[in-house]
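Chains, contacts and geometry: an overview
Chain by chain, the residues run as shown.
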Amino acid sequence: MLFVLWGIFALAACSGADHKKSAMETRAEMPAEPAGKVVKTDAEWKTLLKPEQFRILREAGTEPPNGDVYQEFKRQGKGTYHCAGCGALLFSSDQKFDSGCGWPSFYDPVKADNVVMKMDTSGGRTRVEVTCAKCGGHLGHVFEGEGFKTPTDKRYCINGGGLKFVPAKEK
Ligand code: FE
């Protein structure tokens, strides 16, 4: 009995620590890829997402530049980035680069079908918004022709708080 209690305690302590040390939601296993469009009400999203995830994904919020999530992004090794809302595969560390802009940057999505670009004229500027094709969640913006020495010269400037990171399994 004591042994069982100790096991439960150790498990709870371990998952708690795990939760604390990640600024970006991090999972050991790949989330299931949504089969089709994911449609939920704001009330439903609020029960599924943390407040910051809701603000970014559902209210087109922007996380502060150079924050904890970005610092963590820079330290992360190989892995894949999924929509924190619906789990759709969006980006991979293979297309990650250091743009120095303060937000996670990729030169291409890893699964182009899972991102949709939209014209965004908010704030008196014309930008191209990047959204999740499956749930419509706001991810960030894409900028082109800035002179980065990457294969596309595009900068997908993405809020790390709207992503879920799955580290690559060691081989
Ligand atoms: Fe999504």
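Scroll up to find the structure.
If you walk through the whole model with that rule in mind, you get 10 salt bridges. The salt bridge partner of lysine 50 is glutamate 25, with a shortest N-O separation of 3.8 Å. With a gap of 25 residues between them, lysine 50 in the loop between helix 2 (42-48) and helix 3 (51-59) and glutamate 25 in strand 1 (residues 25-26) connect regions that are remote in the sequence. A salt bridge links arginine 127 to aspartate 120; its shortest N-O distance comes to 3.6 Å. Ionic contacts of the salt-bridge type, sharing partners, join the residues Glu25, Arg27, Lys50 and Lys164 into one network.

With that settled, the discussion passes to the sheet that holds strand 1. The strands that make up a sheet pair up through hydrogen bonds in the backbone, lying either parallel or antiparallel. Pairing within the open sheet is mixed, and its four strands lie in the order 1-9-2-3. Of all the strands in the sheet, the pair left with one neighbour each is strand 1 and strand 3 (89-92). Relative to strand 9 (residues 163-167), strand 1 runs parallel, the two sharing two bridges. Across the sheet, glutamate 25 pairs through a bridge with lysine 164, a residue of strand 9.

About the thresholds
Starting afresh in each chain, residues are numbered from 1 along the sequence in its written order. In view of the model being predicted, local features appear only for residues whose pLDDT reaches at least 70, and side-chain atom pairs are presented and counted only at 80 or more, with totals across whole chains, interfaces and linings using the full set of residues. In computing side-chain values, all of the structure's heavy atoms are included and hydrogens and water are not. Should a side-chain nitrogen of Lys or Arg be within 4 Å of a carboxyl oxygen of Asp or Glu, the pair is scored as a salt bridge. To qualify as a helix, a DSSP run of H or I must reach at least 4 residues; to qualify as a strand, a run of E must reach at least 2; elements of each kind are numbered from the N terminus. At least two bridges found by DSSP between two strands are what make those strands a pair.

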